[in-house]
Amino acid sequence: MSFTKNIQRSALMSVLAASLMACDSAMLFDTAQPTLGAALGETSANLLGNGGFESPISVNDWESCAPGTDFSTDATPSDGLAALSVSNGSCLSQTVPAVAGATYTLSCEAYEPVDRYSTITFGFIDDSSAPVEVQEIAIDGSSYGAVSSTLTAPASADRAQVLIFSDGEAVVDNCSLIKLADAVLLNGDFSEDLSGWQVCENTAGTVSVIDHQLEPGNKQLSISNGGCVYQTLDVSAPMQVRSDLHLYLSCDALTSDDGYSSITLGYLDGNSQPLSVNEVAISRGSTNGLFESDLAAPAGSHFAEVVIYSDAFTTADNCQITH
Ligand SMILES: [Ca+2]
Ligand SMILES: [Ca+2]
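### Observations regarding the overall build of the protein chain
Here comes step 1: For the protein chain, the count of helices and strands is 2 helices and 20 strands.
Here comes step 2: Counting only contacts in the protein chain whose residues sit at least 6 apart along the sequence, the fraction spanning at least 24 positions is 75%.

### Concerning the confidence of the model for the protein chain
Here comes step 1: Of all residues in the protein chain, 85% attain a pLDDT of 70 or more, and the chain-wide mean is 83.
Here comes step 2: Note that residues 1-42 has pLDDT below 50 and, in this model, 69 contacts with residues that lie over four places away or in other chains.

### A closer look at the nonpolar core
When a protein is soluble and globular, its nonpolar side chains tend to lie buried together.
Here comes step 1: Among the nonpolar cores identified, the biggest contains 37 residues, and Cys228, Val229, Leu247 and Ile308 are the most heavily contacted of them.
Here comes step 2: Breaking this core down by element, the ones donating at least two residues are strand S13 (219-224), strand S14 (227-234), strand S15 (246-255), strand S16 (261-268), strand S17 (274-281), strand S18 (290-296), strand S19 (303-310) and strand S20 (313-322).
Here comes step 3: The element best represented in this core is S19, accounting for 6 residues.
Here comes step 4: Residue contacts for Val229: discarding those within four places in its chain leaves Trp197, Gln198, Val199, Cys200, Val207, Leu221, Ile223 and Ile308.
Here comes step 5: In terms of nonpolar packing, the next biggest core, distinct from the first, is built from 34 residues, Val86, Ala160, Val162 and Ala170 among them.

### Section: the sheet that holds strand S10 (residues 169-179)
Here comes step 1: Read from one edge of the open sheet, 5 strands run S2-S3-S10-S5-S8, paired in antiparallel fashion. Only two strands of the sheet have a single partner each, and these edge strands are strand S2 (71-72) and strand S8 (145-152).
Here comes step 2: In this sheet, strand S3 (residues 84-87) lies alongside S2 in antiparallel orientation, the contact comprising 2 bridges. If you follow Ser72 over to S3, its bridge partner there is Ser85.

### Topic: the sheet that holds S20
Here comes step 1: What the 5 strands build is an open sheet, ordered S12-S13-S20-S15-S18; its pairing is antiparallel. Only two strands of the sheet have a single partner each, and these edge strands are strand S12 (206-211) and S18. This sheet shows a mean twist of 30° between the axes of neighbouring strands, independent of strand direction.

### Some words on the pairing of S18
Here comes step 1: Burial along S18 is one-sided: the face carrying Phe291, Ser293 and Leu295 is buried and the face carrying Leu290, Glu292, Asp294 and Ala296 is not.
Here comes step 2: Looking at chain direction, S15 and S18 are connected through 7 bridges and run antiparallel. Across the sheet, His246 pairs through a bridge with Ala296, a residue of S18.

Scoring rules and cut-offs
Residues numbered from 1 in each chain as written. Chains lettered and ligands numbered in written order. Predicted model: local features only at pLDDT ≥ 70, side-chain atom pairs only at ≥ 80, totals over all residues. Helix = DSSP H or I, 4+ residues; strand = E, 2+ residues; numbered from the N terminus. Contact = placed C-beta atoms within 7 Å. pLDDT = per-residue confidence, 0-100. Core = buried A, V, L, I, M, F, W, Y, C linked by C-beta atoms within 7 Å. Buried ≥ 20, exposed ≤ 12 C-beta atoms within 10 Å, placed from the backbone. Pairing = 2+ DSSP bridges. Axes fitted to C-alpha atoms, helices over the stretch in contact; angles between N-to-C directions.

So, in structure tokens, the structure goes:
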């Protein structure tokens, strides 16, 4: 259950973020531009064909995976003009090539007009089509809600597979399957609001995206009262080719300075256990409002995680990872 892992990880990291003492804010970071390593790859486009169900179901995208064939694309859409309806024990599946060791996120929007057994199953199959990792997620609720799952393809994985099934009726739209970026921070300028970022689950603070005070239209992250966001990057692929991986995190930030605020860069192993963490306090004192945290990846790193936390009122923008 990788999604649960994410939550535990965020809880753990934000606990770390909250409890670690502030670093000496006078600590000097090397202000030279970090040396850029080889490009590590980018987050993929949607790997699913017809994930928005705007075209009729075709064997080029979704295939029937049950004897029943009670499905159509004339359901109420959450986006576009069409959505999938699957009924009465019918099932649709789509299979795409996968890279062992890479991490994938499936997300759809879905609901169940009548409360029966409806699920979206996401997993990986090996080269003889046997399942090697499977997560089944129930579709609940009578209006559209998010269904999502993040899984790392096991060594024997050959393809990723998505199945949509309903005993009653399930309505599904906006399905995407994304291969996560290798060590690339998404939406660090907050131009797409909180896209790519997760709000820490165990904090009561406020997290929002606001316009820059002096530049309307330039969006910034705003965090106060113990709020926290994080983003997890998959570094397993670059770790396989570079034992000397070293990430540099930087953000522009301003704080009211009446509480503790920080940016944190950490590494986690394949079981989401923290291996090493570098937390840098955000304070008024720093030059130009630029805060940097850099850290070499220990052996066994599978994920890097970036956390931005504030007990005070802090705005942050232009976050980036270089290596
Ligand atoms: Ca649609
Ligand atoms: Ca911005």
